[in-house]
Amino acid sequence: MQVCMVTGYIPLVQNKWRSAATYGELGEKLSGVPVPKKAFYMKVEDTWLYKFVKDTTPPPRASLDNHPEKNSLEYMCAIHQKTSWLAQAADERPDADWLVWVDYAIFHQPGISNEVIYNFFEKLKQTPDDKIYAPGRLDKGIIESAVPCWRFLASALAVPRRYVDQLDFSCRTTARHHIIQTQNVEWEVNTLARVEQNNRYKMPFHWYKADFDGSLFTNFPGA
């Protein structure tokens, strides 16, 4: 099995949560992981969700939780780009059986190292490509728009090529439907949780327990 790491960065003008310089330093660390990779860089105005919400009437609002300085509408648009980048990477890397999302700033989390990520990729190479492996904190439950749903953490997500396009379509459709129904834009983790619970999509998620640390990779169950 061939595996490709996918990551990306979108600079946000109003982002006071983490500076562009800090993102750059963290991204440089990620570039040092000795695995095939594809990194995307784009403006928030070019994301699919930004294009959708700017033409939505009435204008939707973003969920704020307890970090209004972070959870802007632009931020929600940026984090929803992940699955589309996976789909684009699949088109550009026809040799990859697995497309693995890894957050650009993953190295700010404790317990993350080149070795931890590399070992995860080596284990994934030996794993049948019939499930979407998704680390998270919580069992399935009610999804509330006011707060992030940590069923999935979305800092890492391993998707077989065969499911990449379907996952992206499911996330886009689910997010658009929620916005139209509620005039609210929530986190991508909420969207992923809604996709999992929607029997229409039948996405083969394999959830495993993890937190925002090295367990995102070390707890991967493998084959």
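Each remark here, short or long, concerns the structure printed above.
Residues numbered from 1 in each chain as written. Predicted model: local features only at pLDDT ≥ 70, side-chain atom pairs only at ≥ 80, totals over all residues. Heavy atoms only, no water.

Teacher, can you tell me more about the pattern of salt bridges here?
Close approach of charged atoms allows side chains of opposite charge to pair. Taken as a whole, this structure holds 12 salt bridges when the rule is applied. Its salt-bridge partner being Lys38, residue Glu92 comes within 3.0 Å of it at the nearest N-O pair. Of this pair, Glu92 sits in helix H4 (residues 82-92) while Lys38 sits in strand E2 (residues 37-41), and the two are 54 residues apart along the sequence. Exposure remark for Glu92: the relative accessible area of 37% places this residue in the partly exposed category. Asp129 is the partner of Arg162 in a salt bridge, and the nearest nitrogen-oxygen pair spans 3.0 Å. With Arg162 in helix H6 (residues 161-182) and Asp129 in the loop between helix H5 (114-125) and strand E5 (132-136), the pair connects residues that are 33 residues apart, well separated along the chain. Judged by relative accessible area, Asp129 falls into the buried class, the value being 17%. Among the ionic contacts, a cluster of salt bridges with common partners joins Lys82, Asp103 and Glu188. (Salt bridge = Lys/Arg side-chain N within 4 Å of Asp/Glu carboxyl O. Helix = DSSP H or I, 4+ residues; strand = E, 2+ residues; numbered from the N terminus. Buried < 20%, exposed > 50% of the residue type's maximum accessible area, 1.4 Å probe, protein only.)

In this structure, what is going on with the packing of aromatic side chains? I would like to understand it.
Note on aromatic pairs: each is described by the distance of the centres and the angle between the planes. Scanning the model with the defined rule gives 13 aromatic pairs in all. Plain terms: the ring middles of Phe120 and Phe220 are 5.0 Å apart, the flat faces sit at 70° to each other, and that makes the pair edge-to-face. Separated by 100 residues along the polypeptide, Phe120 in helix H5 and Phe220 in the segment after helix H8 (215-218) bring together distant segments of the chain. Residue Phe120 shares its accessibility class with Phe220, and that shared class is buried. On the basis of an interplanar angle of 85° and a centroid distance of 4.9 Å, the ring pair of Tyr133 and Phe220 is categorised as edge-to-face. Of this pair, Tyr133 sits in strand E5 while Phe220 sits in the segment after H8, placing them 87 residues apart in sequence. You can call Tyr133 buried: its relative accessible area is 5%. Seen from the ring of Phe40, Lys38 lies directly overhead, with NZ or CZ sitting 5.2 Å from the centre. Stacked on the ring of Phe52, the Lys or Arg Arg176 has its end atom at 5.8 Å from the ring centre. (Phe/Tyr/Trp six-rings, centres within 6.5 Å; stacked < 30°, edge-to-face > 60°. Lys NZ or Arg CZ within 6 Å of the ring centre and 35° of its normal.)

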